[in-house]
Amino acid sequence: MVQDIISIRDLEKADIENALLTAADMERFAEKGTTMAQGKILSTLFFEPSTRTMMSFQSAMNRLGGKVIGFSDIKSISVQKGETLSDTVRMMEQYSDIIVIRHPLEGSARLAAEVADVPVINAGDGANQHPTQTLLDLYTIKKEFDTIDGLTIALMGDLKYGRTVHSLAYALSLYDVELVFVSPRELRMPHEVTEHLKEKKTPYREVVNLEDIPKVDLVYATRIQKERFADPNEYERTKDAYRIDKSSIRLLGDARIMHPLPRVSEIAPEIDKTPNALYFEQAGNGIPVRMALLSMLMGVNR
Ligand code: CP
């Protein structure tokens, strides 16, 4: 296993499978807790907003019996006085045994890992990667379908700036899947990702409209992320590109629907109670998966 989790591309398939197995094993502690990480401290450094990632890491560490320190409002820390990210990380590694960082700049988590001697986990660096989301996505897919191989999976929405879909596409290239990319032309999957898929011989096709999605097992929907657009007009043109609601869901048959959340308007609340909806369960899977990752990186999962 790697020392840090920065990019899903740093992980071998065996590392991923091991993490998923460990997560399954953690399910038994996910409610009643354990003392495995007693005496250990997690730092959560969130330079961008988060509900699921930050809270589920905090919850996971608490359930492992460890403690959590950190911030989620950069106005409250000394970067306001001009302190660099490197110096902030150097401080936090002295105050804790493991660091989780989310930052708007691509490469920031890699920098933090280079500076820190304690393990660093990337909780999202700009539009680049969100590897722990991917691991919980894979865990959710495996739990639902008993397999990842053989599935046809559509990734839909903001494929250009969406770090969750970038990480997920890389990870799925390790499996025997077919991919369908559904996005407005302006928000297509980046060339770097599609080139990687070609190298790995992972079949993919690109479509623009919901109506053009072929029969798939799973639709992984994402939000059009206003905060990533340099051009507000581009956001206005694309923000309502997709909406899964009572009327459009018939186009997807019995496909399961996942979403990293938060959602805005791309999935109507009326879908939540349908058998298609898997996104709240998916978010819940963040607990055993993050318990697994924390325990493995801290070396306490024995
Ligand atoms: N899925 C996800 O990263 O959600 P948050 O932004 O709320 O952490």
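Refer to the preceding data block for the structure.
Heads up: these notes are all about the structure in this document. Throughout this description, residue numbers start from 1 for each chain and increase along the sequence as written. Only residues with pLDDT of at least 70 are given local features in this predicted model, and only at 80 or more are side-chain atom pairs given and counted; all residues enter the totals for whole chains, interfaces and linings. Just so you know, side-chain values use all the structure's heavy atoms and leave hydrogens and water out.

1. Let's talk about the sheet that holds strand β9 (residues 256-258)
- Spatially, five strands are ordered β7-β6-β5-β8-β9 in an open sheet, and the strand pairing comes out parallel. Of all strands in the sheet, those bounded by a partner on one side alone are β7 (204-207) and β9. Strand-to-strand twist in this sheet, taken as the mean axis angle between neighbours without regard to direction, amounts to 20°.
- In what follows, residue pairs with any heavy atoms lying within 4.5 Å of each other are defined as contacts. Think of each axis as a best-fit line through the C-alpha atoms, taken over the contacting stretch in the case of a helix, with angles from 0 to 180 degrees between the N-to-C directions. Put simply, DSSP H or I for four residues or longer makes a helix, DSSP E for two residues or longer makes a strand, and each gets a number counted from the N terminus. Together, β5 (152-156), β6 (178-182) and β8 (218-221) form the strand contacts of helix α6 (residues 163-172), whose direction differs from that of β5 by roughly 160°. Pairing between strands requires that DSSP locate at least two bridges from one strand to the other.

2. Some remarks on the environment of Leu-278
- Assignment of secondary structure puts Leu-278 in the loop between β9 and α9 (279-284).
- Not counting chain neighbours up to four residues away, the residues in contact with Leu-278 comprise Thr-140, Glu-144, Arg-256, Ile-257 and Met-258.

3. Points about the layout of surface pockets
- Volume-wise, the largest pocket comes out at about 410 Å³.
- Arg-102, Arg-163, Arg-223, Leu-261 and Pro-262 are the residues nearest the centre of the largest pocket, which is lined by 22 residues in total.
- Looking at the lining of the largest pocket, the elements with two or more residues in it are α2 (52-63) and α6.
- Computed from the structure, the second largest pocket encloses a volume of approximately 210 Å³.
- If you go around the second largest pocket, the residues you meet are Ser-7, Arg-9, Glu-106, Ala-127, Asn-128, Gln-129, Lys-160, His-166, Tyr-170, Pro-190, Glu-192 and Val-193.
- The set of elements that each furnish at least two residues to the lining of the second largest pocket consists of α6 and α7 (191-199).
- For this classification, Asp, Glu, Lys and Arg are treated as charged, while Ala, Val, Leu, Ile, Met, Phe, Trp, Tyr, Cys and Pro are nonpolar and the rest, including Gly, are polar. In terms of residue class, the lining of the second largest pocket is made up of four nonpolar, four polar and four charged.
- Boundaries between domains were set according to an automatic or database domain assignment. Taken together, domain 1 (8-129 + 286-298) and domain 2 (132-283) each give at least three residues to the lining of the second largest pocket, which thus spans both. Residues are called lining when one of their atoms sits within 4 Å of a cavity or pocket point, these points coming from a 1 Å grid over the protein atoms alone, where a cavity is a set in which a 1.4 Å probe fits but cannot get out and a pocket is an open set with protein on both sides within 12 Å along at least five of seven lines. Grid points are joined across faces, edges and corners, and a volume is the space filled by probe spheres set on the points.

4. Some details on the sheet that holds strand β3 (residues 98-103)
- Sheet architecture is open: four strands sit in the order β2-β1-β3-β4, paired in parallel fashion. Both outer strands of the open sheet, β2 (67-71) and β4 (120-125), are each paired with one neighbouring strand and no more. Neighbour-to-neighbour, the strand axes of this sheet turn through a mean angle of 15°, independent of strand direction.
- As paired strands, strand β1 (residues 41-46) and β3 are joined by five bridges and run parallel to one another. Note on β3: the bridge partner recorded for Leu-45 is Ile-101.

5. Notes on the site of the ligand
- For each residue, the test is whether any non-hydrogen atom lies within 4 Å of the molecule or strand; if one does, the residue is near. Neighbouring residues of the ligand: Ser-50, Thr-51, Arg-52, Thr-53, Arg-102, His-130, Gln-133, Pro-260 and Leu-261.
- The contact in question runs from a nitrogen atom of the ligand to an N or O atom on the backbone of Leu-261, over 3.0 Å.
- Its free accessible area being 250 Å², the ligand has 91% of it covered by the protein chains.
- In this structure, the ligand is accommodated by the largest pocket.
- Taken together, the residues that form the shell around the ligand break down as two nonpolar, five polar and two charged.
- If you count residues domain by domain, the shell around the ligand takes at least three from each of domain 1 (8-129 + 286-298) and domain 2 (132-283). Polar contact is the term for a pair of N or O atoms within 3.5 Å; when the atoms are in protein, one must be able to donate a hydrogen and the other to accept it, and sequence-neighboring residues count only if both atoms are side-chain atoms. For every accessible area listed, the method is Shrake-Rupley and the probe measures 1.4 Å; residues are considered covered only by the protein chains on display. Here the criterion for a molecule occupying a pocket or cavity is that more than half of its atoms lie within 2 Å of the pocket grid points.

6. Comments concerning the nonpolar core
- Side-chain atoms within 4.5 Å link the members of a nonpolar core, which is a set of buried Ala, Val, Leu, Ile, Met, Phe, Trp, Tyr and Cys residues. We call a residue buried when its accessible area falls under 20% of the maximum for its residue type, exposed when it is over 50%, and partly exposed in between, using a 1.4 Å probe and counting protein chains only. With 59 residues, the main nonpolar core has Ile-153, Leu-155 and Leu-294 as its most contacted residues.
- Per-element tally for this core: the top contributor is helix α10 (residues 286-298), with nine residues.
- The residues that make up this core include at least three from each of domain 1 (8-129 + 286-298) and domain 2 (132-283).
- Ignoring sequence-local partners within four residues, the contact set of Leu-155 consists of Val-165, Leu-168, Ala-169, Val-180, Phe-181, Val-182, Met-189 and Tyr-220.

7. Overview of the pattern of salt bridges
- By convention in these notes, a salt bridge is any Lys or Arg side-chain nitrogen within 4 Å of a carboxyl oxygen on Asp or Glu. All chains considered together, the criterion is met by 18 salt bridges.
- Glu-48 is the partner of Arg-163 in a salt bridge, and the nearest nitrogen-oxygen pair spans 3.2 Å. Of this pair, Arg-163 sits in helix α6 while Glu-48 sits in the loop between β1 and α2; the two residues are 115 residues apart in sequence, bridging distant segments of the chain. When sorted by exposure, Arg-163 lands in the same class as Glu-48, which is buried.
- Via salt bridges that share partners, Glu-48, Arg-163 and Arg-228 belong to a single interconnected network.

8. Some points on the packing of helix α5 (residues 131-145) against α6
- It is at 8 Å that the axes of α5 and α6 come closest, and there the two elements cross at 55°. With respect to their mutual orientation, α5 and α6 come out oblique. Between α5 and α6 lies a crossing of right-handed hand. Seen from α5, the contacting residues are Pro-131, Gln-133, Thr-134, Asp-137 and Leu-138; seen from α6, they are Thr-164, Ser-167, Leu-168, Ala-171 and Leu-172. What sets the label is the angle itself: under 35 degrees gives roughly parallel, over 145 gives roughly antiparallel, 65 to 115 gives roughly perpendicular, and the rest give oblique. Working rule for handedness: look at the near helix, and if it is turned counterclockwise from the far one by less than a right angle, call the crossing left-handed; if clockwise, right-handed.

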